[in-house]
Structure formats: structure tokens, C-alpha cells
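Each chain is listed here by its residues.
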Amino acid sequence: MTILFDGIAYGMLLFLISVGLSVTLGLMNFVNLAHGAFAMVGGYVCVVLLNSYGVPFLATLPVAVVVPALVGMVLERTLYRRLYAASDLDQVLFSLGLVFMAVAGAHYFFGAQQQPLHLPAFLQGQIHLPGLDVGVYRLFLIGVGLVVAFGLQWSVVKTAFGARLRAAVDNQRVARGMGIDVGRVFSLTFALGSALAGLGGALGVEMLGLDPEFPVKYLVYFLIVVSVGGSGNILGSLYAAILLGVADVVGKYYIPQIGAFIIYAVMVATLIFRPHGLFGRAHK
């Protein structure tokens with residue numbers, strides 16, 4: 001039960017980091033492989049504020065959300081929007097270039113070492129239940145992940161902004177004809193995806209570590225979550241992340257020799273039988 005709980009917590013962390021990619025890739029149809037770089041920005045904002053300025057951990061999280069959002073909005077307005085109509089290959093090459101630039105920048109400013117993170121006392125330790133040891137921080141991650149998942153799903157499906165976003169993605173010309181500011185909608189959506197990446201990056205430092213190679217090291221994991229859950233499907237990404245997190249933790253615990261292979265085997269098996277993911281592409 002403890003291993004299962006840890007797998008769920010790890011899956012929830014994967015969801016928190018990758019759900020922003022589900023927004024930009026699934027809802028905006030942009031292949032943004034630089035998503036992990038925005039998560040890294042959030043992680044570095046968190047550790048710098050915490051370690052250099054003594055800001056409490058929870059107080060660093062809003063800043064770790066806002067800074068990547070602002071960076072994402074600036075890059076969207078100056079660079080990304082020029083490639084919305086480009087081919088997938090152009091988008092991939094462009095975003096990969098940003099990844100390597102981000103890695104080089106992190107090396108220059110922070111060095112190659114892992115960044116330390118000391119959680120506050122109330123997020124440390126375990127809660128001991130019959131047959132189950134619950135890590136407090138892992139329980140915190142699960143709670144945050146559920147709030148983000150259902151809040152984001154509601155905002156995309158039930159709000160006027162979500163309706164404008166779906167209309168802008170479906171047909172930009174018609175959306176503009178109906179008075180929708182497509183450029184503004186895309187900027188805000190990209191900022192939202194970057195903000196979610198920053199939140200996941202800050203929360204993931206304790207479990208995943210943080211160094212300049214972070215965007216490359218976990219890129220495949222983010223893509224797996226989105227592809228298995230269904231492109232643009234928020235709750236699908238949640239369920240896929242939990243499934244993959246449990247499979248990864250259980251595999252590494254019981255079969256350490258091939259444990260890291262389990263998550264890829266789950267992805268391959270899923271996409272063979274469900275090419276559009278477990279829950280398919282989100283309906284516009």
C-alpha cells in the first residue's frame with residue numbers, strides 16, 4: 001500500500017508538470033518541446049528564493065507560477081506566434097533550440113550541481129496508518145494535483161474563456177469574425193501552460209531534483225503522459241499520469257533491473273491499442 005501511495009504521488013507530480021504541455025500541445029496544437037524549460041524556471045525561482053532570500057516554501061510557489069507565466073507570454077508574443085501555422089517539424093526544431101538555450105543558461109548562472117531544497121517542518125515526515133505510511137509532502141502533492149486538475153478542467157469546459165479558446169483553435173478566421181481576440185486568447189493560454197509548468201517544477205524539486213539537464217531528462221515523461229492520456233484531455237492526463245507513476249514506482253521497486261523500462265512498455269502497449277490515448281483527443 002505504501003508503494004502504491006508513493007506511485008500515486010509520483011504520478012500526480014508528473015501530472016502537475018505535464019498538464020501545461022497538454023494545454024499548449026492539445027488545445028493550441030503547438031508542439032512545445034521546451035515545456036520542461038518553463039518547469040525548470042519555476043524550480044530555480046523556488047530554490048533561489050528559498051535558499052538565498054529565506055522566503056518560506058509556500059510563499060515561493062506563487063512567484064514560481066508568475067515568473068514562468070511572464071516568460072511564456074513574452075516568448076509567445078515575440079517568437080512562438082510566428083510558428084503557429086508552421087509545420088510540426090519547424091515547431092519541434094524551434095522548441096528544441098529553446099531547450100538547449102535554457103540548459104546552457106542554467107549552467108552559466110547556477111552551475112551543473114543539483115540544487116538543494118529544504119522543506120518546512122510541517123511538510124516533512126510521515127503519517128503512520130495501519131498498513132500504510134503516508135508521506136506528508138506526497139499527500140500535499142496529491143491534494144494540489146487534484147485541485148489543479150479539476151479547476152483546469154472546469155475553466156476549459158465551463159467558462160467563457162474556455163469556449164473562446166476552443167473556438168480559436170477550431171477556426172481562427174471564424175473566431176475573429178465573431179469578435180474573439182485570438183492573439184490575446186493564445187497569449188493567455190500559453191501563459192497558463194507555462195505557469196502550470198512552473199508550479200510543477202517548483203513542487204518537483206524535492207522528488208525529482210533540479211539541475212540544468214532537467215528539461216532534457218524528463219521531456220520524454222511529459223510527452224508520455226500527454227500521449228497516453230489523450231492530447232488536450234485534462235482529466236485523461238491526470239489518469240494517465242497516475243497509471244504511469246504507479247507502474248514506474250512498482251516496477252523500480254519489484255524489478256529494479258528493468259524497472260525504468262516499465263513506463264515505456266505501458267506507453268507502447270497503450271498506443272498500440274489506443275492510438276489516440278486512453279481517453280482520446282479532447283473534443284473542441
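In this text, all values refer to a predicted model and were calculated from it rather than measured experimentally. (Residues numbered from 1 in each chain as written. Predicted model: local features only at pLDDT ≥ 70, side-chain atom pairs only at ≥ 80, totals over all residues. Heavy atoms only, no water.)

1. What to know about the environment of Val47
- Within the fold, Val47 resides in helix α2 (residues 35-53).
- Along the chain, Val47 and Met73 lie 26 residues apart, while their C-alpha atoms are 23 Å from each other.
- Leave out the neighbours within four places in its chain, and Val47 touches Ser52, Gln115, Pro116, Leu117, Val205 and Leu210. (Helix = DSSP H or I, 4+ residues; strand = E, 2+ residues; numbered from the N terminus. Contact = heavy atoms within 4.5 Å.)

2. Section: the pairing of strand β1 (residues 126-129)
- Bridging between β1 and strand β2 (residues 132-135) involves four bridges; their strand directions are antiparallel. From the neighbouring strand, Ile127 faces β2, where its bridge partner is Val134.
- Linkage of β1 to β2, two consecutive antiparallel strands, is achieved through a turn of two residues, within which Gly131 is found at a positive phi near 75°. (Pairing = 2+ DSSP bridges.)

3. Examining the pattern of salt bridges
- This structure, assessed with the given rule, holds four salt bridges.
- Across the pair Arg138 and Asp6 runs a salt bridge whose closest N-O atoms are separated by 3.5 Å. Separated by 132 residues along the polypeptide, Arg138 in helix α5 (residues 136-158) and Asp6 in helix α1 (residues 2-27) bring together distant segments of the chain.
- Residue Asp248 is joined to Lys252 by a salt bridge in which the shortest nitrogen-to-oxygen separation is 3.1 Å. Here Lys252 and Asp248 lie together in helix α11 (residues 234-254), a separation of four residues that amounts to about one turn.
- A relative accessible area of 39% places Lys252 in the partly exposed class. (Salt bridge = Lys/Arg side-chain N within 4 Å of Asp/Glu carboxyl O. Buried < 20%, exposed > 50% of the residue type's maximum accessible area, 1.4 Å probe, protein only.)

4. What to know about the packing of aromatic side chains
- Per the stated rule, a full pass over the model turns up 15 aromatic pairs.
- Taken together, a centroid distance of 5.0 Å and an interplanar angle of 90° make the contact between Tyr108 and Phe109 edge-to-face. Per residue, the accessibility class of Tyr108 equals that of Phe109, and both read exposed.
- Linked through ring pairs, Phe30, Phe38, Tyr80, Tyr84, Phe94, Phe186 and Phe190 together constitute an aromatic cluster. (Phe/Tyr/Trp six-rings, centres within 6.5 Å; stacked < 30°, edge-to-face > 60°.)

5. Here we look at helix α10 (residues 219-229)
- Among the 11 residues in α10, eight count as buried, and that is most of the element.
- Those residues of α10 not exposed but buried are Leu219, Tyr221, Phe222, Ile224, Val225, Val226, Val228 and Gly229.
- Gly230 lies just past α10 and shows a positive phi near 110°.

6. Thoughts on a nonpolar patch on the surface
- On the surface, a nonpolar cluster with roughly 570 Å² of combined accessible area is contributed by Tyr253, Tyr254, Ile255, Ile258 and Phe261.
- By the element assignment, Ile258 lies in the loop between α11 and α12 (259-273).
- Take Ile258: its relative accessible area is 43%, and that puts it in the partly exposed class. (Patch = residues over 30% accessible without salt bridge, like charges linked within 9 Å, V, L, I, M, F, W, Y side chains within 5 Å. Areas by Shrake-Rupley, 256 points an atom, 1.4 Å probe, with all protein chains shown as cover.)

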